[in-house]
Amino acid sequence: MLQTIITLAYLVAAALFIFGLKRLSSPVTARGGNRMAALGMLIAVLAALFEEQILNIPELIGGLALGGLIGVLLAKRVAMTSMPELVAAFNGFGGIASALVAGAEVMRYAGREEAIVPFTPTLALTIALSVLIGTVTFSGSFVAYGKLNGRIKSMGFPGLRLVSIAVGLGVLAAIAWMIVSAPDFPGLDPEAVPLALAALAGLAFFLGIFLVLPIGGADMPVVVALLNSYSGLAAAATGFVLQNYALIVSGALVGASGLILTTIMCEAMNRSLLNVLLGGFGAEASGGTSTGDTEERPVRSTSPDDVAVLMSYAGSAIVVPGYGLAVAQAQHEVREMAEMLQKQGVEVRYAIHPVAGRMPGHMNVLLAEANVPYDQLIEMDDINADFPTTDVVLVVGANDVVNPAARDDENSPIYGMPILNVDEAENVIVLKRSMNTGYAGIQNELFFNPKTQMLFGDAKDSIKGVIDELKELQPA
Amino acid sequence: MDIGLIVVFVLASFVGFEIIAKVPATLHTPLMSGSNAISGITIVGAIVVAGSVQAPWSKWLGFAALVFATINVVGGFLVTDRMLEMFKRPERKTAPTTNGKA
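Reading the values: the criteria
- Residues numbered from 1 in each chain as written.
- Chains lettered and ligands numbered in written order.
- Predicted model: local features only at pLDDT ≥ 70, side-chain atom pairs only at ≥ 80, totals over all residues.
- Heavy atoms only, no water.
- Helix = DSSP H or I, 4+ residues; strand = E, 2+ residues; numbered from the N terminus.
- Buried < 20%, exposed > 50% of the residue type's maximum accessible area, 1.4 Å probe, protein only.
- Lys, Arg positive; Asp, Glu negative; His and termini not counted.
- Salt bridge = Lys/Arg side-chain N within 4 Å of Asp/Glu carboxyl O.
- Contact = heavy atoms within 4.5 Å.
- Pairing = 2+ DSSP bridges.
- Axes fitted to C-alpha atoms, helices over the stretch in contact; angles between N-to-C directions.
- 1 Å grid on protein atoms, 1.4 Å probe; cavity = no way out; pocket = protein on both sides within 12 Å on 5 of 7 lines; lining within 4 Å.
- Points joined across faces, edges and corners; volume = space filled by probe spheres on them.
- Nonpolar A, V, L, I, M, F, W, Y, C, P; charged D, E, K, R; others polar.
- Core = buried A, V, L, I, M, F, W, Y, C linked by side-chain atoms within 4.5 Å.
- Patch = residues over 30% accessible without salt bridge, like charges linked within 9 Å, V, L, I, M, F, W, Y side chains within 5 Å.
- Areas by Shrake-Rupley, 256 points an atom, 1.4 Å probe, with all protein chains shown as cover.
- Parallel < 35°, antiparallel > 145°, perpendicular 65-115°, else oblique.
- Left-handed = near helix turned anticlockwise from the far one by under 90°.
- Domains from an automatic or database assignment.
- Buried area = accessible area lost by both parts, 1.4 Å probe.
- Polar contact = N/O pair within 3.5 Å; in protein donor to acceptor, adjacent residues only side chain to side chain.

1. Let's talk about the side chain of Glu 85 of chain A
Residues and elements named next belong to chain A. Mapped onto the elements of the fold, Glu 85 is located in helix H4 (residues 83-109). Nearest to the buried, unbridged Glu 85 among oppositely charged side chains is Arg 358, at 5.4 Å. Each residue touching Glu 85, except ones within four places of it in the same chain, is listed here: Tyr 145, Leu 148 and Asn 149.

Listed below in structure tokens is the structure:
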């Protein structure tokens, strides 16, 4: 009877997760959706407390309190620019938790004369998969974390791929060892299953590191999305170990979610997932392909005053924000400028490329933090048709996502990547620190376009200059 | 192993694909952090292991799992809430001259 109620509670929790995620289909209902999912989690936690006789009350309370405290601190303190790092870290925590639960399940059997329920080869396999996925998620996420905040540089050493393959084979061997030893477990001494599991966990830890290490910094959004998917799969695998529907359903939902985001990011960069995972891009681009003799060509530069005049007489303007905007912390200034222009009757909108930030949807969060209403944030596919009828485009800290080479130059490494067609607009103003190339290390034809004017300098200072001039232009 | 578990996993994946595909790009970051919090469901397994198992190794592995899963769950939902709070509805009063809404 009690078990039935607990299972039903898990069902309610899973249903709340599904409804909660469904509500994320609109910014209006999204917050309620997230709370719905959190309520589901609370119900699942309460149900779990009745699962079995609770014997270790201090450990339980201590663990919940400690984890809860750390979680609150991390969530409250993080800057929105660091959101990719935080999500990577949370993915890692979820992964290691799944692996540890599966590992603990093995240790329940260890050291006994014989098991209460037989330790079957199937159970050995599910535990192995759970530990493998969870551990790879953990170590991979922390490498991604280090790369996102710049502490770990993209690196590979000769033979890294061979080492990865060797470690991968070792993982398979450890899993096989665990499965064939299962019938003798527990009982024999020393016990092969825990040894195989320890070997598996160690190898999986290095596998996660080796898999993420060679991937370029620009590809981290894909990696974080993929690790998100893994963290779900790890939970689902643990669900198979514990025969628990709540874990399986939730894990499957998250696995699907991460996979969709991974696909979207890959499409936005016109790369296959395999290509990203093999880390080919960074190496290709550092060769400086197809730049040729562009260095000495003239560009038109402009001043904040001219930009202010140009924009205040425009009918419509589109701001194209890139990660450089966030680095310069210029979101608030851009919003202030846009509001001033809107008050004068200029139509101002923001064109958001899918890879504009450092994780899917990152730029939207950064602009939302600066109080930009979300109906002014337009996705690439919806706004691309509007550029030919737009008077001014202001490119702030974006580079590769507006590079026409992706459309026109078959030799460019980014050829085929969908871009914002800003060069179709009447005037293009590019805010940039210098003529340095972007994240992908490729020269941008847009800067040499006769329509384009470059506004050099720190984006925040430049926009402030524009705002000051707009104030002077306004009738007092 | 119960084949029913695999059935549930596959069906839940389909449900996941259907729902998530409808989430707009604007909300992809909150989607990631929110779904990440949901993957902290492992907390259920961690509670069972940390709370009920007496075998020493198991107990401490369970405790560590509980701490990590709780960070994941509490932090994940909170930070998602913090982000979604920032997504302001368009203020039509203060910006009457903006654009012709589609």
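Additional details are given in the paragraphs that follow.
2. Some details on the sheet that holds strand E2 (residues 347-352) of chain A
All names here are of chain A. The 6 strands are arranged E3-E2-E1-E4-E5-E6 in an open sheet whose pairing can be described as parallel. Strand pairing shows two members of the sheet lacking a second neighbour, strand E3 (377-379) and strand E6 (452-456), which therefore form its edges. The mean inter-strand angle of the sheet, taken between neighbouring strand axes irrespective of direction, is 25°. Taken together, the 5 bridges between strand E4 (residues 392-396) and strand E5 (residues 427-432) define a ladder with parallel strand orientation. Of the residues in E5, the one forming a bridge with Val 392 is Asn 427. Of the strands in this sheet, strand E1 (316-321), E2 and E4 touch helix H14 (residues 331-343), which is tilted by about 145° from E2.

3. Concerning empty space enclosed by the protein
Scanning all chains against the criterion turns up 1 cavity of 30 Å³ or more. Of the pockets and cavities examined, the largest cavity occupies roughly 50 Å³. Surrounding the largest cavity, Gly 20, Leu 21, Leu 24, Gly 33, Asn 34 and Ala 37 of chain A together with Gly 34, Ile 38, Phe 77 and Thr 80 of chain B form its lining. Of all the secondary structure elements, the ones that give two or more residues to the lining of the largest cavity are helix H1 (2-23) and helix H2 (27-49) of chain A together with helix H2 (28-39) and helix H4 (56-86) of chain B. Here the lining of the largest cavity takes 3 residues from H2 of chain A, the largest share from any one element. Residue composition of the lining of the largest cavity, grouped by class: 5 nonpolar, 5 polar and no charged.

4. Focus: unusual backbone geometry
All names here are of chain A. Located in the positive-phi region is Gln 243, a residue other than glycine, with phi close to 55°. Positionally, Gln 243 belongs in the loop between helix H8 (220-242) and helix H9 (245-268). On the accessibility criterion, Gln 243 (47% relative accessible area) is partly exposed. Phi at Asn 371 takes a positive value of approximately 70°, unusual for a residue other than glycine. By the element assignment, Asn 371 lies in the loop between helix H15 (362-369) and E3. Judged by relative accessible area, which is 33%, Asn 371 ranks as partly exposed.

5. Let's talk about the nonpolar core
Residue and element names in this part refer to chain A. Core analysis: the biggest nonpolar cluster contains 183 residues, and Phe 119, Ile 127, Leu 200 and Val 320 have the highest contact counts within it. In terms of residues, this core owes the most to one element, H4, which gives 15 residues. Sequence-distant contacts of Phe 119, defined by excluding residues within four places in its chain, comprise Val 106, Tyr 109, Ala 124, Ile 127, Ala 182, Pro 183, Phe 185 and Val 193.

6. Things to note about the environment of Ile 71 of chain B
With respect to the helices and strands, the residue Ile 71 of chain B is situated in helix H4. The class for Ile 71 of chain B is buried, based on a relative accessible area of 2%. C-alpha of Ile 71 of chain B to C-alpha of Ile 43 of chain B: the two residues are 28 residues apart in sequence and 9.6 Å apart in space. The contacts of Ile 71 of chain B, once residues within four sequence positions are left out, are Gly 67, Ile 70, Gly 71, Leu 74, Phe 90 and Phe 93 of chain A together with Gly 76 of chain B.

7. Focus: a nonpolar patch on the surface
A surface patch of nonpolar side chains, about 710 Å² in accessible area, is lined by Leu 259 of chain A together with Ile 3, Ile 6, Val 7, Val 10, Leu 11, Phe 14 and Phe 17 of chain B. With 7 residues, the single largest contributor to the nonpolar patch is helix H1 (residues 3-20) of chain B. For Val 7 of chain B, the position within the fold is in helix H1.

8. Side note on the environment of Val 466 of chain A
All names here are of chain A. Assignment of secondary structure puts Val 466 in helix H18 (residues 459-473). Spatially, the C-alpha atom of Val 466 lies 36 Å from that of Ser 25, the residues being 441 residues apart in sequence. Each residue touching Val 466, except ones within four places of it in the same chain, is listed here: Pro 304, Val 307, Ala 308, Met 337 and Leu 455.

9. What to know about the packing of helix H3 (residues 42-52) of chain B against H4 of chain B
Residue and element names in this part refer to chain B. Direction vectors running N to C along H3 and H4 enclose 150°, while the axes themselves pass 8 Å from each other. Taken together, the axes of H3 and H4 are roughly antiparallel relative to one another. The handedness of the crossing between H3 and H4 is left-handed. Counted together, Thr 42, Ile 43, Ala 46, Ile 47, Val 49 and Ala 50 of H3 and Ser 58, Lys 59, Gly 62, Phe 63, Ala 65, Leu 66, Ala 69, Thr 70 and Val 73 of H4 form the full contact between these two elements.

10. Some remarks on the domain arrangement of chain A
It is common to give the size of an interface as the accessible area lost on bringing the parts into contact. Residue and element names in this part refer to chain A. The assigned domain composition of chain A is domain 1 (78-277) and domain 2 (294-473). One C-alpha centre belongs to domain 1, the other to domain 2, and the line joining them spans 39 Å. Summing both sides of the interface, domain 1 and domain 2 together bury roughly 1500 Å²; the carbon and sulfur share of this comes to 72%. By the criterion of area lost to domain 2, the three top residues of domain 1 are Met 80, Thr 81 and Ala 268, representing 35% of everything that side buries. Inspection of the domain 1/domain 2 interface yields 0 salt bridges. At the boundary of domain 1 and domain 2, one finds 4 residue pairs in polar contact (both at pLDDT 80 or more). The element best represented in the side of domain 1 that touches domain 2 is H9, accounting for 4 residues. Class assignment of the residues belonging to the side of domain 1 that touches domain 2 gives a composition of 11 nonpolar, 3 polar and 2 charged.

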